[in-house]
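Each chain, written out:
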Amino acid sequence: MAFNSRKNVDLIIMGGGSAAFAAALRASELGADVTMINEGLPIGGTCVNVGCVPSKTLIRAAEAHYRASHHHFSGIESQSHVADFQAIVAQKRQLVEELRQEKYINIIEETQNLRFVKGRARLVAPNRITVNGDKITGDSILIATGARPMIAPVAGLMETGYLTNETAFELEKLPGSFIVLGGRYIALECAQMLARFGSKITILQRSSRILPTEGEDLTDALSGYLREEGIEVVTNVTTRLVRKEGNQVLVEATVDETPRTFYAEQILVATGRKANTEGLGLEETRVEVDSKGFLKVDETLKTSVSNIYGAGDVIGEPMFVYTTAYEGALAAENAISESARVRDYSILPWVIFTDPQVAGVGLDEVQAEEQGIETDAVSLPLTQVPRSLAARDTRGFIKLIRDRQTDKLMGARILAPEGSELLMQISLALKYGMTTKELASSFHPYLTLSESIKLAAISFEKDVKKLSCCAN
Ligand SMILES: Cc1cc2nc3c(=O)[nH]c(=O)nc-3n(C[C@H](O)[C@H](O)[C@H](O)COP(=O)(O)OP(=O)(O)OC[C@H]3O[C@@H](n4cnc5c(N)ncnc54)[C@H](O)[C@@H]3O)c2cc1C
């Protein structure tokens, strides 16, 4: 769409991902005239194209294949083999295309006063951007340009070649082996998915543990489960050099200061995310970024320039699609109505889609201690949960953290198959200030996995091993 260079709109949105769409919808509801500009990833940005959607559908496909031949019931023999990897990828592609159409492209057509421009936007003044040679002037501007994979500066990596989440979900043929650089959620989800499809996986993690910001109990248990599936998890790794040798890639590293060499067919890099803040004209307009390049915003999501806001991955953690959408809507509201609502992440549930899944909300015991709160924590192994026993899958535990004085729930950490589905009852309990006694005394159907939350709450006072079925 060509623009008259004096075109004036209420809100210009730089970027076309989840933050941008949530902002556009809220701005339109408020009667604003909005222009959204996207280039780089296809419309919809990271989540639908190269993030949540492709990863989660491929993880499910890998799980279906793996579970078919790995269950714990006697007398049942089943096998599974990946007959057509391309068909799996094609099915994923179809889902991505459908959701991109339904949740993004159609939304543009259905939203009043929303125009879309395909092009790269650049700020040229605090209230003006250029795109495709046109100038657009707006009362407010929202920067929602997202983030991209951060590539660790390892010698030879660029020349050798590597995959990231932007390319790995489009593979036509599954490589026989992968070295995965990184040990946080994207690395772990991808590593297990690729392993279950049949690749031999080596995870090289710089820190002493995978998921280093979580407790040792959780990361040790998860590392064990991944190793049981044949994934090599190597920690304390400093990667020195990457090079090609025949059809293989070779990674020279030191592990605990001992030199080691790792070989694989492909490398997947998942060493973090980098904000898309370069080339946006930020310096000229005095919009500030932090030391890592993320956009600096205040609690109302305003940048250092009063009519320019930021939302989504471009402002840094937390980087989830639901926080991104929340921020987009909040920023639009503050920009259009000139309100100053502040962001609130006080109760923020999160999930890592490994199997068993990792899920959390609120504080863990270490974080509570850092904040000077005296807590008690209980950790209930799933070996004490009837549903898990019946399913013959007792991997993991439920950890609840409570305020020692008031008995109020402070947080939870879950490591359990489908553990993400347990999270919202705890999240709501936290939101509404429930005590663990109240949680323990509410009905939970037998045998459900959600009963594990009740059993964990009971175990603050009693040894559940000594209780009869369903007794408090
Ligand atoms: C592998 C992976 C799995 C994930 N899984 C989950 C999950 O299961 N659950 C969850 O909650 N979150 C998940 N996330 C995180 C989630 O995808 C992101 O937090 C979210 O999509 C970020 O949205 P955004 O709008 O901030 O940025 P993006 O969606 O990245 O959108 C930014 C858009 O702006 C464009 N752009 C950049 N510069 C310009 C410019 N100058 N002009 C115009 N356009 C520009 C970009 O190309 C892009 O299209 C996952 C992420 C990854 C990478």
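Note that the structure is a prediction, hence the values are computed from the model and not measured. (Residues numbered from 1 in each chain as written. Predicted model: local features only at pLDDT ≥ 70, side-chain atom pairs only at ≥ 80, totals over all residues. Heavy atoms only, no water.)

1. Concerning the overall build of the protein
Consideration 1: Helix and strand counts for the protein come out as 14 helices and 21 strands.
Consideration 2: Relative to the 2.2 N^0.38 estimate, which gives 23 Å for 472 residues, the radius of gyration of the protein is 24 Å and therefore close to what a compact globule would have.
Consideration 3: Taken along its principal axes, the extent of the C-alpha atoms in the protein is 75 × 60 × 45 Å.
Consideration 4: Here the protein, with 472 residues, has 52% of them falling under the buried criterion.
Consideration 5: A sequence separation of at least 24 residues applies to 63% of the contacts in the protein between residues at least 6 apart. (Helix = DSSP H or I, 4+ residues; strand = E, 2+ residues; numbered from the N terminus. Rg over C-alpha atoms; globule rule 2.2 N^0.38 Å. Buried < 20%, exposed > 50% of the residue type's maximum accessible area, 1.4 Å probe, protein only. Contact = heavy atoms within 4.5 Å.)

2. Thoughts on the nonpolar core
Consideration 1: One finds Ile13, Leu123, Ile129, Leu142 and Ile143 to be the most contacted residues of the largest nonpolar core, which totals 52 residues.
Consideration 2: Ranked by the residues each element gives to this core, the list is headed by helix H1 (residues 18–29), at 6 residues.
Consideration 3: Residues Leu174, Met193, Phe197 and Ile201 belong to the second largest nonpolar core, which totals 38 residues. (Core = buried A, V, L, I, M, F, W, Y, C linked by side-chain atoms within 4.5 Å.)

3. Considerations on the pairing of strand E13 (residues 258–264)
Consideration 1: Looking at chain direction, strand E12 (residues 248–255) and E13 are connected through 7 bridges and run antiparallel. For valine 251, the partnering residue across the bridge sits in E13 and is phenylalanine 262. (Pairing = 2+ DSSP bridges.)

4. Observations concerning the environment of aspartate 403
Consideration 1: In this fold, aspartate 403 is placed in strand E20 (residues 397–403).
Consideration 2: We classify aspartate 403 as buried; its relative accessible area is 15%.
Consideration 3: Linking aspartate 403 and alanine 368, residues 35 residues apart in sequence, is a C-alpha distance of 8.9 Å.
Consideration 4: The contacts of aspartate 403, once residues within four sequence positions are left out, are Ile373, Glu374, Lys408 and Met410.
Consideration 5: A polar side-chain atom of aspartate 403 sits 3.2 Å from the main-chain amide nitrogen of threonine 406. (Polar contact = N/O pair within 3.5 Å; in protein donor to acceptor, adjacent residues only side chain to side chain.)

5. Looking at the sheet that holds strand E21 (residues 409–416)
The strands that make up a sheet are held in pairs by hydrogen bonds between backbone atoms, and each pair lies either parallel or antiparallel.
Consideration 1: Read across the open sheet, the 5 strands follow the order E17-E18-E21-E20-E19; overall the sheet is antiparallel. Each end of this open sheet is capped by a strand with a single partner; those strands are strand E17 (350–352) and strand E19 (375–381). Shown here is a sheet whose adjacent strand axes are inclined to one another by a mean of 10°, direction ignored.
Consideration 2: Note that strand E18 (residues 357–362) and E21 share 6 bridges and pair antiparallel. The residue bridging glutamine 357 from the neighbouring strand is alanine 416, located in E21.
Consideration 3: On the sheet, helix H7 (residues 216–228) packs against E18, E20 and E21 and is oriented at approximately 10° with respect to E21. (Axes fitted to C-alpha atoms, helices over the stretch in contact; angles between N-to-C directions.)

6. Notes on the pattern of salt bridges
Consideration 1: Evaluation of the coordinates by the stated rule reveals 34 salt bridges.
Consideration 2: Across the salt bridge formed by arginine 60 and glutamate 63, the nearest N and O atoms sit 3.2 Å from each other. Taken together, the positions of arginine 60 and glutamate 63, both in helix H3 (residues 52–69) and 3 residues apart, correspond to about one turn of that helix.
Consideration 3: What makes glutamate 63 buried here is its relative accessible area of 16%. (Salt bridge = Lys/Arg side-chain N within 4 Å of Asp/Glu carboxyl O.)

7. Considering the state of the cysteines
Consideration 1: For the structure on display, the rule yields 1 disulfide.
Consideration 2: The side chain of cysteine 47 participates in a disulfide bridge whose partner is cysteine 52; the two sulfur atoms lie 2.4 Å from each other. What sets the handedness of the cysteine 47 and cysteine 52 disulfide is the S-S torsion sign, and at about -130° it is left-handed.
Consideration 3: We classify cysteine 47 as buried; its relative accessible area is 12%.
Consideration 4: In this structure cysteine 469 is a free cysteine whose sulfur lies 3.6 Å from that of cysteine 470, the closest cysteine sulfur available. (Disulfide = S-S within 2.5 Å.)

8. Some details on the packing of H1 against helix H4 (residues 85–110)
Consideration 1: Taken N-terminus to C-terminus, the directions of H1 and H4 make an angle of 35°; their axes are 11 Å apart at the nearest point. When you trace H1 past H4, the crossing you get is left-handed. Contacts between H1 and H4 involve Ser18, Phe21 and Leu25 on the former and, on the latter, Lys103, Tyr104, Ile107 and Ile108.
Consideration 2: Grouping the amino acids of the contact of H1 with H4 by side-chain chemistry returns 5 nonpolar, 1 polar and 1 charged. (Left-handed = near helix turned anticlockwise from the far one by under 90°. Nonpolar A, V, L, I, M, F, W, Y, C, P; charged D, E, K, R; others polar.)

9. Remarks on the site of the ligand
Consideration 1: Contacts to the ligand come from 37 residues, most closely from Asn38, Glu39, Thr46, Lys56 and Asp313.
Consideration 2: At a separation of 3.1 Å, an oxygen atom of the ligand approaches a polar backbone atom of serine 18.
Consideration 3: Between the ligand and alanine 19, the relevant distance is 2.9 Å, taken from an oxygen atom to a main-chain nitrogen or oxygen of the residue.
Consideration 4: Here the ligand, which alone exposes 1,000 Å², has 96% of that area covered by the protein.
Consideration 5: Looking at the shell around the ligand, the elements that each hand over two or more residues are H1, strand E2 (34–38), helix H2 (45–50), H3, helix H6 (185–197) and helix H9 (321–337).
Consideration 6: It is H2 that contributes the most residues to the shell around the ligand, 4 residues altogether.
Consideration 7: Tallied by class, the residues present in the shell around the ligand amount to 16 nonpolar, 16 polar and 5 charged. (Near = heavy atom within 4 Å. Areas by Shrake-Rupley, 256 points an atom, 1.4 Å probe, with all protein chains shown as cover.)

10. Description of unusual backbone geometry
Consideration 1: Residue proline 356 follows aspartate 355 across a cis peptide bond; omega there is 0°.
Consideration 2: By the secondary structure assignment, proline 356 is in the loop between E17 and E18.
Consideration 3: For the peptide bond that leads from tyrosine 446 to leucine 447, omega is -15°, which places it in the cis range.
Consideration 4: Along the chain, the position of leucine 447 falls in the loop between helix H13 (436–440) and helix H14 (451–458).
Consideration 5: Backbone geometry places glutamate 257, a non-glycine residue, at a positive phi of 70°.

11. Observations regarding the environment of aspartate 364
Consideration 1: Mapping aspartate 364 onto the fold places it in the loop between E18 and helix H10 (365–370).
Consideration 2: When residues no more than four places from it in sequence are discounted, the contact partners of aspartate 364 are Glu214, Gly215, Ile401 and Arg413.
Consideration 3: A polar contact is formed between the side chain of aspartate 364 and the backbone nitrogen of valine 366, at a distance of 3.1 Å.

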